[in-house]
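# Survey of secondary and tertiary structure
So the chains spell out like this:
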Amino acid sequence: MISGIKKDTGSFVYMRLKKHVCPDCGQPVFLKKIKKKIKSDSRAAKNYDFHIGDVELKGTVKFIWYEFRCTDCGNQFTETEMREFEVAEKKREKAEARAAKKAEKKAQKQAKKESKKG
Ligand SMILES: [Zn+2]
């Protein structure tokens, strides 16, 4: 018997309106609904939050949430994992852009030097 249901749809804008790609292979992802029944006194319970506000659910609770699933490799990612990946990806892109700019400046300097020489 189920004593409670805890549903977590995540951020509507982030999950449903923004486009995401698979962190592993870059292919499009789709939203997959996950349902799991967890007993509050089982070992798995420590990985789940049985609270809804101030109320703690006891017994068998049905957890419902959404994860991103890759259309190609089939790997699944939680909202948190996807956010972490995208933040890291943005940082990497910025660092690459900075490095490219630096290299360009260096090349320009070098070219100037050589034109002076000549
Ligand atoms: Zn993939």
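The notes below deal with the structure included here. Since we're looking at a predicted model, the values are computed, not measured.

## Here we look at the coordination of the zinc ion
The coordination sphere of the zinc ion, as far as protein atoms go, consists of Cys 22 (SG), Cys 25 (SG), Cys 70 (SG) and Cys 73 (SG), spread over 2.3 Å. One can describe the site at the zinc ion as tetrahedral: its four donor atoms subtend angles covering 100 to 122° at the metal. Site description for the zinc ion: donor spacing in sequence, C-x2-C-x44-C-x2-C. You can see Cys 22 sitting in the loop between helix H1 (12–17) and strand S2 (29–39) and its partner Cys 73 sitting in the loop between strand S5 (60–70) and strand S6 (76–77), a full 51 residues away along the chain. On the accessibility criterion, Cys 22 (2% relative accessible area) is buried. According to the relative accessible area criterion, Cys 73 is partly exposed, its value standing at 36%.

## As for the nonpolar core
Residues Tyr 14, Met 15, Cys 22, Val 29, Tyr 66, Phe 68, Cys 70, Phe 77 and Met 82 constitute the largest nonpolar core, which totals nine residues. Every element with two or more residues in this core is listed here: H1 and S5. The leading source of residues in this core is S5, at three residues. Every residue in contact with Tyr 14, bar those within four places of it in the chain, is listed here: His 20, Phe 68, Glu 79, Met 82, Arg 83 and Glu 86. One finds Ile 34, Phe 50, Leu 57 and Phe 63 within the second-largest nonpolar core, a separate group that totals eight residues.

## Observations concerning a nonpolar patch on the surface
Nonpolar side chains collect at one region of the surface, where Phe 12, Val 13 and Leu 17 lie side by side and expose about 320 Å² of accessible area between them. Its place among the elements puts Val 13 in helix H1. Under the relative-accessibility criterion, Val 13 is labelled partly exposed at 46%.

What counts, and where the lines are drawn
Residues numbered from 1 in each chain as written. Predicted model: local features only at pLDDT ≥ 70, side-chain atom pairs only at ≥ 80, totals over all residues. Heavy atoms only, no water. Donors = N, O, S within 2.8 Å, 3.2 Å for Na, K, Ca; no water. Tetrahedral: all angles 85-135°; square planar, octahedral: opposite > 155°, others 65-115°. Helix = DSSP H or I, 4+ residues; strand = E, 2+ residues; numbered from the N terminus. Buried < 20%, exposed > 50% of the residue type's maximum accessible area, 1.4 Å probe, protein only. Core = buried A, V, L, I, M, F, W, Y, C linked by side-chain atoms within 4.5 Å. Contact = heavy atoms within 4.5 Å. Patch = residues over 30% accessible without salt bridge, like charges linked within 9 Å, V, L, I, M, F, W, Y side chains within 5 Å. Areas by Shrake-Rupley, 256 points an atom, 1.4 Å probe, with all protein chains shown as cover. Salt bridge = Lys/Arg side-chain N within 4 Å of Asp/Glu carboxyl O.

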